Amino acid sequence: MNELKIGFGKYIEGFYKSLSPTTKAMEEFVARGLEKSVVFAPSRMVDAAEDMLASWRKNDNNSDGQSTPYLPVIIVATGKDYLPATGDFSIQKGEPEYVVLPADPKNRVFKMRQMHGDRRAQLVIFSADEPTARSIAAQFSLYCSRYVNRRFSASYRFAGFDLGFPVMLESTDIPATNVTTEQKNLTILAIDLSLRETIPLFNYPLAGEPNDGLGILGDPNDPCGYSLVVEVAVLDENTGVIRVVN
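Computed from a predicted structure; not experimentally measured.

*Asks:* Which residues make up the overall build of the chain, and what values do they have?
*Replies:* When you go through the chain residue by residue, the secondary structure sums to four helices and eleven strands. The buried share among the 246 residues of the chain stands at 40%. In the chain, of all internal contacts separated by at least 6 residues, the share reaching a separation of at least 24 is 63%. If you sum the accessible surface of the chain, you get close to 13800 Å²; carbon and sulfur atoms cover 51% of it.

Written out as structure tokens, the structure reads:
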């Protein structure tokens, strides 16, 4: 499930664009561009912070093929674990419910379950000077404190539609913790986040199941919906015998 990573990446892009330079290093950082300033680590967390920085420095970050030891840099990672959200936040919807997608012109009916889980995420800020690292961390905390930034959307594709489901920050009180390093002229600050995600699970008719014939049977990009009752005819008013027309 990479939907959360993609949504979180867009969230971080919004933060990067909001930065106000307060040091010379930040002026270069803001002008450098997102792709050379923020990078996702392959599911590794702050425990390997200096290894992550070493990989960044060795990486071909420049079009001329030369390695580029750009600092400051932000490395983002998300945890591999999945933890169901606690009951005081939300209730898992394990029983399928019939739903119609709002933008579907065919008005097909599908079944949907919904999971709520917590995902750990981290931002690690590397800078050659402490003021720059502190400013980036402080501005990220400020960015998260805005009401509109307390959540973002993760997009899930189904039946030809991109459907946005909310991801909430568990807390907007976000301290940045110093990570001890033996390297001189290097400040590392780590920010821990807990992201509460909502994940939809859709079901649609498969081969041999009744369907509405409005899509392609078994195709998740354009599936058939479940059969609908569109007409009820009473055959005998005394006995209540009815005929159901799908």
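*Asks:* So, the side chain of glutamine 114: which residues are in play, and what are the values?
*Replies:* Relative to the helices and strands, glutamine 114 resides in strand β5 (residues 109-127). For glutamine 114, a relative accessible area of 13% puts it in the buried group. Here glutamine 114 is in contact with Gln92, Lys93, Phe165, Thr198 and Ile199, once residues within four sequence places are set aside.

*Asks:* I'd like a rundown of helix α2 (residues 24-32), residues and numbers included.
*Replies:* Every buried residue of α2 is listed here: Met26, Phe29 and Arg32. Angular distribution of buried residues about the axis of α2 spans 125 degrees; they occupy a single face of the element. Residues Lys24 and Ala31 are exposed on α2 and point more than 90 degrees away from its buried face. Where the residues of α2 are buried, they touch α1 (3-18), β2 (73-78) and α4 (130-145). Note on α2: the residue one or two positions beyond its end, glycine 33, has a positive phi of about 105 degrees.

*Asks:* Please set out the nonpolar core residue by residue, giving values where relevant.
*Replies:* Counting residues in each nonpolar core, the largest one holds 43 residues, and the members touching the most others are Phe8, Tyr11, Ile74, Leu123, Phe140, Leu193 and Leu195. Every element with two or more residues in this core is listed here: α1, α2, β2, β5, α4, β6 (151-158), β7 (161-169) and β9 (187-203). Excluding residues within four positions of it along the chain, tyrosine 11 makes contact with Phe140, Tyr143, Cys144, Asn149, Arg151, Phe152 and Leu169. Counting nine residues, the second-largest nonpolar core is a separate cluster that includes Leu71, Ala77, Val124 and Phe126.

*Asks:* Explain the packing of α1 against α4 residue by residue, including any values.
*Replies:* Between α1 and α4, the least distance of the axes is 10 Å, while the angle of their chain directions is 120 degrees. The chirality of how α1 crosses α4 is right-handed. Residues Tyr11, Ile12, Gly14, Phe15 and Ser18 of α1 form the contact with α4, whose own contacting residues are Ile136, Gln139, Phe140, Tyr143 and Cys144. When its residues are assigned to classes, the contact of α1 with α4 shows seven nonpolar, three polar and no charged.

*Asks:* Could you give me a rundown of the pattern of salt bridges, with the residues and numbers involved?
*Replies:* Evaluation of the coordinates by the stated rule reveals eleven salt bridges. We note a salt bridge from aspartate 104 to arginine 108, for which the minimum N-O separation is 2.9 Å. The residues aspartate 104 and arginine 108 share a single accessibility class, namely buried. Between arginine 120 and aspartate 192 there is a salt bridge, with its nearest N and O atoms 3.7 Å apart. Taken together, the residues arginine 120 in strand β5 and aspartate 192 in strand β9 connect sequence positions 72 residues apart.

Reading the values: the criteria
Residues numbered from 1 in each chain as written. Predicted model: local features only at pLDDT ≥ 70, side-chain atom pairs only at ≥ 80, totals over all residues. Heavy atoms only, no water. Helix = DSSP H or I, 4+ residues; strand = E, 2+ residues; numbered from the N terminus. Buried < 20%, exposed > 50% of the residue type's maximum accessible area, 1.4 Å probe, protein only. Contact = heavy atoms within 4.5 Å. Areas by Shrake-Rupley, 256 points an atom, 1.4 Å probe, with all protein chains shown as cover. Arc of directions from axis to C-beta. Core = buried A, V, L, I, M, F, W, Y, C linked by side-chain atoms within 4.5 Å. Axes fitted to C-alpha atoms, helices over the stretch in contact; angles between N-to-C directions. Left-handed = near helix turned anticlockwise from the far one by under 90°. Nonpolar A, V, L, I, M, F, W, Y, C, P; charged D, E, K, R; others polar. Salt bridge = Lys/Arg side-chain N within 4 Å of Asp/Glu carboxyl O.

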